Amino acid sequence: MRVGIATDHGGFALKEELMAKLNAAGYKVVDFGAYSLNPHDDYPDFVVPLAEAVASGKVDRGLAICGSGVGASVCANKVPGIRAGLIHDHFSARQGVEDDHMNILCMGGRTVGPAVAWDLVQTYLAADYSQADRHLRRLAKVASLETQRLKTQNASEEKPMIDEQAAQLSINTIRTLSIDAVQQAKSGHPGTPMALAPLVYTIWNRVMNFDPQDPIWPNRDRFVLSNGHASMLLWSILHLTQVQAVNAEYERLGQPSVTLDDIRRFRQLDSKAPGHPEYHWVSGVETTTGPLGQGVATSVGMALAQKWLASRYNRPDFNIFDYKVYTVCGDGCMMEGIGSESASLAAHLGLDNLCWVWDNNHITIEGNTSMTFTEDVAARFLAYGWNVLRVGDANDMDRIEHALEVFRQTKGRPTFIVLDSHIGYGSPHKQDTSAAHGEPLGDDEVRLVKRAYGWPEDAKFLVPDGVYEHFAAGIGKRGRDARQKWTELFTAYREKYSELATEIEQMQKRELPAGWNRNLPVFPADPKGIAGREASGKVLNVLAQNIPWFFGGSADLGPSNKTTLTYEGAGTFQAATPGGKNLHFGIREHAMGAIVNGMSLSKLRSFGATFFIFSDYARPAIRLAALMELPVFFAFTHDAMGDGEDGPTHQPVEHLASLRAIPGLVTLRPADANEVVEAYRYIVQLRHQPAVLALSRQALPTLDRSKYAPASGVSKGAYVLADTPGGKPDVILIASGSEVSLAVEAHEKLRADGIRSRVVSMPSWDIFEHQTQEYRDSVLPPDVTARVAIEQASTLGWERYVGLTGRVIGMHTFGASAPLKELQRKFGFEPSEIIAAAKKQIGRRAA
Ligand SMILES: Cc1ncc(C[n+]2csc(CCOP(=O)(O)OP(=O)(O)O)c2C)c(N)n1
């Protein structure tokens, strides 16, 4: 028997005790809340959903509790089909069922103790309706009261009934498009779209403020599909709502972003319905998802951005930014660590504009989650501080809508909705099995499913008459009205706050404000110099003042990374101070990466920071930044052996090679303070590329730029820093970061020995690779093959620049725990080693 239970604060403790006992006794218990003890909650919010579930047969019997039990019984009895009784004694608990067919037992949480309550519950659940004539007669009279009332109601509610049919038709269209697309592609994930179509329908057509005509309207509500493998949900809804395509220049193209033909060509080359949602490829996709957990974490960044934008730009009567973020996720997102990291931070920051809906279907690829995932997820989110709601039936749109309404009303914390669903809903042989997760249903099963939906069995990619119109009348109209209202509001705002309006417009196009580069420091020559991270801190503080929407923070290493914005008024971002520009991510590097991405997707210029070694922890998000072409950046300090005594756990070796391997990511390792400035100058002007800065922990000599070439060469990725006048060099020394000054020292000694050497500072392979062949040849003349590269990192890939016969002084092992000087000696990062290598190279050529 399925037993539903609900209470407000008045019976919270009793409910918990009864649930434990019911579970132990083998009943299937559905908990309708409350999920936490909140003295301000209201019993109808829990009792009515329970009563509706009893009335519709979703649960067999109900238990409703409030302080006295009176309120619970009064409101339960308002629901048609409910016969609720407030019972305090054993006799009535039995009699109420046998005579009056009672289907909800109400109790007072403050009037019966747990032992009596358990006795009442057992008695009530054990009893059966007697069906004696006189009781049937009496109940028939009671029922006729309800029938009369329903008749009058239905007469005045004819239109919603039609809407209900159109809604169902639309939902089944999403389902069948998904099924057909996966079947045609012979790959993909049909089960989750079949289950979640009502959710996505409800969010889009009933709730979200999103104008399909303008999918980049700045104040649109955001929808993130974190379980990206269910992409057919997104392609179906983008198509049915006729979301319009936009190009990279933010122009509307006057054509749908996803056509029916794209859906027919799901997962095929050039289709706008690829395997997973891809930002930058399909308009209307808010972020690229697929690696589970990235979407939920990215949505935290979007919500954080809204809070900051509202704080800076909203004014009395001008709610320029008040968008909400709706995120759909599955078990995978809940299992991944990044989901936990970001959920923890979202609650700490009180992001009440953020709603995650968890598809609680108990199925992943390998089977039932009972194998791997048995924690109480709702309790976990309660412990984080989220507002936790449950919708016990993924097909119940009213309850979904109600939960989303509760989200919109909830202040001070994000909302987590547990949505109980059936993967592969409607499939006679595959529903609730992992077979529905990631493979086509098969032709025969598709027919059976369509039959179950009341769909023409042979129809493929069918969009029935009226479906487009239904969406146009729902989200189409609501979104258009909302955007028009906002546009008018923004016009008035521009009149009154023109400077702020200009900022918003520039930000939206990823432009920089005038004077963004004023006061950038110039560092005088200094043999002692300063650390890369120190120089970076100074530059960051200038840029953050020049560019209002430029900010970020560190994963608890701000004082080491030197990323703290220290100027007056910079502030700290917290729930109570959402205008602050210093973010504290806590020790959550992976979430930091995704949050920085989410902020950038909301058009902020965002950055994150940690030690370079821990870039590994953020790497999947950095990779997505590159895939999405987002201009985020990461200030990674302690870039090599400079960590010295911390030892090999803290000394990056393979990280440069690994990040250089990410397509589109700009990796920069500046050699001195002025190169740091130039690196930032380059990065800040990027509009569609992420960047990583590898910065030294230790002081590096500030090179004398009157003697050596200017640091502006950084913008070319590599440049001739020091040369021997009068012709071709005998040997080229190529270095990055802290090794450049060693190369310069070696160069000076070689020169003194009459050897013509050239030093090339190469802070960025990526940028250098984008220069003309002519420029590259001018820096690294092809006929000078005596070459030495010096970099405190894995040598992997350096043969590209030194050739197969060149020498690379780099790392072939992990580092060690010792003072830097000793490590430099041990691993050969000394001028003498470079000189010896250079001479050998020249000798090899001569030989
Ligand atoms: C980080 C990551 N690991 C593994 C996968 C491969 N993968 C795709 S879907 C999936 C199962 C996800 O289960 P769930 O989130 O419950 O989705 P549902 O089965 O409900 O569709 C896995 C392991 C992935 N996409 N991302």
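Cut-offs applied
- Residues numbered from 1 in each chain as written.
- Predicted model: local features only at pLDDT ≥ 70, side-chain atom pairs only at ≥ 80, totals over all residues.
- Heavy atoms only, no water.
- Helix = DSSP H or I, 4+ residues; strand = E, 2+ residues; numbered from the N terminus.
- Buried < 20%, exposed > 50% of the residue type's maximum accessible area, 1.4 Å probe, protein only.
- Phe/Tyr/Trp six-rings, centres within 6.5 Å; stacked < 30°, edge-to-face > 60°.
- Lys NZ or Arg CZ within 6 Å of the ring centre and 35° of its normal.
- Salt bridge = Lys/Arg side-chain N within 4 Å of Asp/Glu carboxyl O.
- Axes fitted to C-alpha atoms, helices over the stretch in contact; angles between N-to-C directions.
- Parallel < 35°, antiparallel > 145°, perpendicular 65-115°, else oblique.
- Left-handed = near helix turned anticlockwise from the far one by under 90°.
- Contact = heavy atoms within 4.5 Å.
- Nonpolar A, V, L, I, M, F, W, Y, C, P; charged D, E, K, R; others polar.
- Pairing = 2+ DSSP bridges.
- Patch = residues over 30% accessible without salt bridge, like charges linked within 9 Å, V, L, I, M, F, W, Y side chains within 5 Å.
- Areas by Shrake-Rupley, 256 points an atom, 1.4 Å probe, with all protein chains shown as cover.
- Near = heavy atom within 4 Å.
- Expected span 1.5 Å × (residues − 1).
- Bend = angle between axes of the 7 residues up to and from the residue.
- Core = buried A, V, L, I, M, F, W, Y, C linked by side-chain atoms within 4.5 Å.
- Right-handed = clockwise from strand over helix to strand, strands pointing away.
- Arc of directions from axis to C-beta.

Peer 1: Would you mind going over unusual backbone geometry in detail, with residue names and values included?
Peer 2: Note that the residue after Gly 33, namely Ala 34, is joined by a cis bond; omega there is 0 degrees. By the secondary structure assignment, Ala 34 is in the loop between β2 (28-31) and α2 (44-55). Of note, the phi angle at Lys 186 is positive, near 60 degrees, even though the residue is not glycine. Checked against the element boundaries, Lys 186 lands in the loop between α7 (158-185) and α8 (191-207). For Lys 186, a relative accessible area of 68% gives the class exposed. At Asp 432, a position not held by glycine, the phi torsion is positive, near 65 degrees. Judged by relative accessible area, Asp 432 falls into the partly exposed class, the value being 36%.

Peer 1: Give a detailed account of the packing of aromatic side chains, specifying residues and quantitative values.
Peer 2: Counted under the stated rule, the structure contains 33 aromatic pairs. Cluster of aromatic residues (ring-pair linked, three or more members): Trp 217, Phe 318, Trp 486, Phe 490, Tyr 493 and Tyr 497. The ring of Tyr 124 has Arg 61 sitting right over it, with the charged end atom 5.4 Å from the ring centre. Directly above the ring of Tyr 323 sits Arg 222, whose terminal nitrogen or CZ lies 3.9 Å from the centroid.

Peer 1: Describe in detail the pattern of salt bridges, supporting the description with residues and values.
Peer 2: Summed over all chains, the structure comprises 40 salt bridges. With a closest N to O distance of 3.3 Å, Asp 398 and Arg 206 form a salt bridge. One end of the pair, Asp 398, is in helix α15 (residues 397-409); the other, Arg 206, is in helix α8, and 192 residues separate them in sequence. Where Glu 375 meets Arg 380, a salt bridge forms, and the shortest distance between an N and an O atom there is 2.8 Å.

Peer 1: An account of the packing of helix α1 (residues 12-24) against helix α5 (residues 114-126) is needed here, citing residue identities and associated values.
Peer 2: For the pair α1 and α5, the least separation of the axes is 10 Å and the interaxial angle reads 50 degrees. When the axes of α1 and α5 are compared, the pair comes out oblique. Taken as a pair, α1 and α5 cross one another with a handedness that is right-handed. The residues of α5 that touch α1, namely those facing Leu 14, Glu 17, Leu 18, Lys 21 and Leu 22, are Pro 114, Ala 117, Trp 118, Val 121 and Leu 125. Looking at the contact of α1 with α5 residue by residue, the class counts come to 8 nonpolar, no polar and 2 charged.

Peer 1: With reference to specific residues and values, describe the sheet that holds strand β16 (residues 550-554).
Peer 2: Where strands meet in a sheet, backbone hydrogen bonds hold them as pairs that are either parallel or antiparallel. Taken in spatial order, the 6 strands of this open sheet run β17-β16-β18-β19-β21-β20, and their pairing is parallel. Both edges of this open sheet fall to β17 (582-584) and β20 (666-668), since each of them pairs with a single strand only. Within the sheet, the average angular offset between the axes of one strand and its neighbour, ignoring direction, is 20 degrees. Pairing of β16 with strand β18 (residues 605-611), which is carried by 5 bridges, proceeds in the parallel orientation. Looking at the pairing, Phe 550 lines up with Arg 605 of β18.

Peer 1: Provide a residue-level description of a nonpolar patch on the surface, including the pertinent values.
Peer 2: Taken together, the side chains of Val 70, Val 74 and Leu 86 present a nonpolar region at the surface, about 220 Å² in accessible area. Mapped onto the elements, Val 70 comes out in helix α3 (residues 70-76). Judged by its relative accessible area of 42%, Val 70 falls in the partly exposed class.

Peer 1: Explain the sheet that holds strand β13 (residues 387-391) to me, using residue names and the numbers behind them.
Peer 2: As summarised here, the arrangement of the 5 strands in space is β6-β9-β10-β14-β13, forming an open sheet in which the pairing is parallel. Strands with a single pairing partner mark the edges of an open sheet, and in this sheet they are β6 (222-225) and β13. Taken pair by pair, the neighbouring strands of this sheet meet at an average axis angle of 20 degrees, ignoring direction. Relative to strand β14 (residues 415-420), strand β10 (residues 354-360) runs parallel, the two being bridged by 6 bridges. Pairing of Trp 358 across the sheet is with Val 418, part of β14. Contacts from helix α11 (residues 294-313) reach β6, β9 (325-329) and β10, with the element oriented near 175 degrees to β9.

Peer 1: Outline the site of the ligand, listing residues and values.
Peer 2: What surrounds the ligand is a group of 16 residues, the closest being Thr 192, His 229, Gly 332, Asn 361 and His 437. For the ligand, whose accessible area on its own is 590 Å², the fraction buried by protein is 74%. Mapped by element, the contributors of at least two residues to the shell around the ligand are α12 (331-335) and β11 (363-364). By residue class, the composition of the shell around the ligand is 5 nonpolar, 8 polar and 3 charged.

Peer 1: How would you summarise helix α17 (residues 467-496) if you had to cite specific residues and measurements?
Peer 2: With 30 residues, α17 should cover 44 Å at 1.5 Å per step; its first-to-last C-alpha distance of 42 Å lies within 8% of that length. Its axis deflected by about 35 degrees at Gly 476, α17 carries its strongest bend there. Of the positions making up α17, those classed as buried are Val 467, His 470, Phe 471, Gly 474, Ile 475, Gly 476, Gly 479, Ala 482, Arg 483, Trp 486, Phe 490 and Tyr 493.

Peer 1: Tell me about the nonpolar core, and name the residues and values.
Peer 2: Formed by 223 residues in total, the largest nonpolar core has its most connected members in Trp 204, Trp 235, Trp 356 and Leu 733. Here the element with the most residues in this core is α11; it accounts for 11 residues. For Trp 235, the residues in contact, after removing those within four places along its chain, are Val 258, Ile 263, Phe 266, Lys 272, Ala 273, Pro 274, His 276, Pro 277, Glu 278, Val 282 and Val 285. Core analysis: the second largest hydrophobic core is formed by 22 residues, Leu 14, Val 97, Met 107 and Ala 117 among them.

Peer 1: Any chance you could break down the pairing of strand β26 (residues 787-794) for me, citing the residues and the numbers?
Peer 2: Most of β26 sits inside the fold, with 8 of its 8 residues counted as buried. In terms of strand pairing, strand β24 (residues 731-735) meets β26 through 4 bridges, oriented parallel. Across the sheet, residue Ala 735 finds its bridge partner in β26, namely Ile 790. In this structure, β26 lies alongside strand β27 (residues 807-811), joined through 4 bridges in parallel fashion. Across the sheet, the residue bridging to Ala 789 is Val 808, located in β27.

Peer 1: I'd like to hear about the pairing of strand β25 (residues 757-761), residue by residue, with values.
Peer 2: For β25, a buried count of 5 out of 5 residues is recorded, marking the element as mostly surrounded by other parts of the structure. Here β25 shows no split at all, with Ser 757, Val 759 and Ser 761 on one side and Arg 758 and Val 760 on the other all buried. As paired elements, strand β23 (residues 719-722) and β25 share 3 bridges and run antiparallel to each other. Bridging from a neighbouring strand, Val 720 pairs with Val 760 of β25. When β24 meets β25, the two strands line up parallel, connected through 5 bridges. If you follow Val 731 over to β25, its bridge partner there is Ser 757. Remark: the β24/helix α25 (residues 739-752)/β25 crossover connection has right-handed handedness.

Peer 1: Run through α1, naming residues and quoting values.
Peer 2: In a regular helix each residue adds 1.5 Å, so 13 residues correspond to 18 Å; α1 covers 19 Å between its end C-alpha atoms and thus fits that length. Every buried residue belonging to α1 is among Phe 12, Leu 14, Lys 15, Leu 18, Met 19 and Leu 22, and all of these are buried. Down the axis of α1, the buried set is contained in an arc of 145 degrees. They therefore lie on one face. Set apart from the buried face of α1 by more than 90 degrees, the exposed residues are Ala 13 and Ala 24. Those residues of α1 hidden inside the fold are in contact with β1 (2-7), β2, β3 (61-66), β5 (104-108) and α5. Just past α1, the residue Gly 26 takes up positive phi, approximately 95 degrees.

Keep in mind these numbers describe shape, not what the thing actually does.
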